[in-house]
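# Structural overview for review
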Amino acid sequence: MSTETQDGEDDLKERVVNFLRRNFPQIQMHGGSAAIRDLDRETGEVTVLLGGACSGCGISPMTIQAIKTRMVKEIPEINEVHADTGMGGDMGGASRGGDVSPSFPGDTSEDREDDQGPQAPF
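These figures come from a predicted structure and were not determined experimentally. (Residues numbered from 1 in each chain as written. Predicted model: local features only at pLDDT ≥ 70, side-chain atom pairs only at ≥ 80, totals over all residues. Heavy atoms only, no water.)

The next thing to look at is the pattern of salt bridges. All told, the structure shown has four salt bridges when counted by the stated rule. Among the ionic pairs, Arg-15 bridges to Asp-11, the shortest N-O distance being 3.4 Å. Residue Arg-15 and its partner Asp-11 are both found in helix α1 (residues 3-23); the two are separated by four residues, about one turn of the helix. Among the ionic pairs, Glu-77 bridges to Arg-15, the shortest N-O distance being 2.7 Å. On the criterion of sequence distance, the pair formed by Glu-77 in the loop between α3 (60-74) and β3 (80-84) and Arg-15 in helix α1 is long-range, its members being 62 residues apart. The exposure class assigned to Glu-77 is partly exposed, which follows from its relative accessible area of 28%. Shared partners join several salt bridges into a network, and the residues in it are Asp-11, Arg-15 and Glu-77. (Salt bridge = Lys/Arg side-chain N within 4 Å of Asp/Glu carboxyl O. Helix = DSSP H or I, 4+ residues; strand = E, 2+ residues; numbered from the N terminus. Buried < 20%, exposed > 50% of the residue type's maximum accessible area, 1.4 Å probe, protein only.)

As a further point, take the pairing of strand β2 (residues 45-52). Pairing of strand β1 (residues 32-40) with β2, which is carried by eight bridges, proceeds in the antiparallel orientation. Pairing of Ala-34 across the sheet is with Leu-50, part of β2. Where β1 folds back on β2, the antiparallel hairpin that results is connected by four residues, among which Gly-44 adopts a positive phi of roughly 75°. Pairing analysis gives five bridges linking β2 to β3, with the strands arranged parallel. Its bridge partner being in β3, Leu-49 is matched across the sheet by Asp-84. Note that the unit made of β2, α3 and β3 has a crossover that is right-handed. (Pairing = 2+ DSSP bridges. Right-handed = clockwise from strand over helix to strand, strands pointing away.)

Any functional reading would require information that these geometric values do not contain.
The structure is reproduced here in structure tokens:
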């Protein structure tokens, strides 16, 4: 790989990181993380991994859809965005399968066993 190509990829990677940081600060504010897993400048594809509190979060699919929609509009070199929460595959629009429950900071599996959801205040 030539130095020019490497510099171009580094620049593109930096712009993707800055895009995530600037447009989605709530990911980090809510205990999540976003990292570039793969970036292919030739095809214009990027794979973003959402971790931390994003894994199992009920709004992760909406966050992923927003990332996919906005990144291709804001960064011309990006043609396609793949995103994964590490919960068993691409979460970009597909519904979660299996017995995965959302996780919340401080929540343990014992707390959720018999949880029927929020109770009405009346």
